[in-house]
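Take a look at the letters that make up each chain.
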Amino acid sequence: MRDQFIEKLYEYSKIPYQKYFKKNKPWNIDKTQLLNYPDGSLGLGLGNFLHRNHFDIQEKLEDHDIIHVLTDTGVSVADEIGMQYYLFGNGKRSLYLFMVILSGTLFYPQQINYFVQQYKRGKYALPFHYLDFSKMLFTSIQSIQKTFNI
């Protein structure tokens with residue numbers, strides 16, 4: 001029940017977040033195109049992630065799914081919150097991130113050890129949350145992970 005509540009909050013907040021806070025341009029690429037990228041590339045990794053989870057690209061939110069690929073983070077509600085902790089540890093600061101961390105901590109106090117672990121993982125990695133991943137789709141996932149200690 002609480003997972004459904006959190007997912008609904010996300011659905012309601014996503015549209016204004018995309019419209020008013022995300023200033024980047026949409027990537028204008030679809031899942032099918034991504035699945036044609038070279039083996040090991042970030043583009044193929046994103047395509048596989050979207051395909052495996054039955055997702056489509058969400059305009060202006062493409063970076064979010066890239067972070068899933070690079071950090072090997074799942075898509076459960078707790079995983080999503082954990083990823084925000086990871087990004088916080090990595091130096092990202094945004095109102096949306098703080099809202100997710102606050103609500104996630106309140107709704108999932110039993111996951112605090114996991115959240116702290118994710119924060120530490122993000123702290124260990126070199127800052128990468130700000131990169132323009134749309135220009136890195138042909139880059140090897142492993143080389144990005146190695147370069148940034150992900």
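Look a little higher up for the structure.
Residues numbered from 1 in each chain as written. Predicted model: local features only at pLDDT ≥ 70, side-chain atom pairs only at ≥ 80, totals over all residues. Heavy atoms only, no water.

**Examining helix H7 (residues 112-124)**
It helps to recall that an α-helix has 3.6 residues per turn; residues three or four apart then point in one direction.
Move 1: If you check H7, its first and last C-alpha atoms are 18 Å apart, about what 13 residues at 1.5 Å a residue would give, namely 18 Å.
Move 2: When H7 is considered as a whole, its buried residues turn out to be Phe-115, Gln-118 and Gly-122. Taken end-on, H7 shows its buried residues confined to a sector of 60°, consistent with a single buried face. Seen from the open side of H7, the exposed residues pointing more than 90 degrees away from its buried face are Asn-113, Lys-120, Lys-123 and Tyr-124.
Move 3: At its buried positions, H7 is contacted by helix H5 (77-89) and helix H6 (95-107). (Helix = DSSP H or I, 4+ residues; strand = E, 2+ residues; numbered from the N terminus. Expected span 1.5 Å × (residues − 1). Buried < 20%, exposed > 50% of the residue type's maximum accessible area, 1.4 Å probe, protein only. Arc of directions from axis to C-beta. Contact = heavy atoms within 4.5 Å.)

**Brief notes about a nonpolar patch on the surface**
Move 1: Together, Phe-5, Leu-102, Leu-106 and Phe-107 line one region of the surface with nonpolar side chains, adding up to about 410 Å² of accessible area.
Move 2: Among the elements that take part in the nonpolar patch, H6 stands out by supplying three residues, more than any other. (Patch = residues over 30% accessible without salt bridge, like charges linked within 9 Å, V, L, I, M, F, W, Y side chains within 5 Å. Areas by Shrake-Rupley, 256 points an atom, 1.4 Å probe, with all protein chains shown as cover. Salt bridge = Lys/Arg side-chain N within 4 Å of Asp/Glu carboxyl O.)

These figures capture arrangement, not role.
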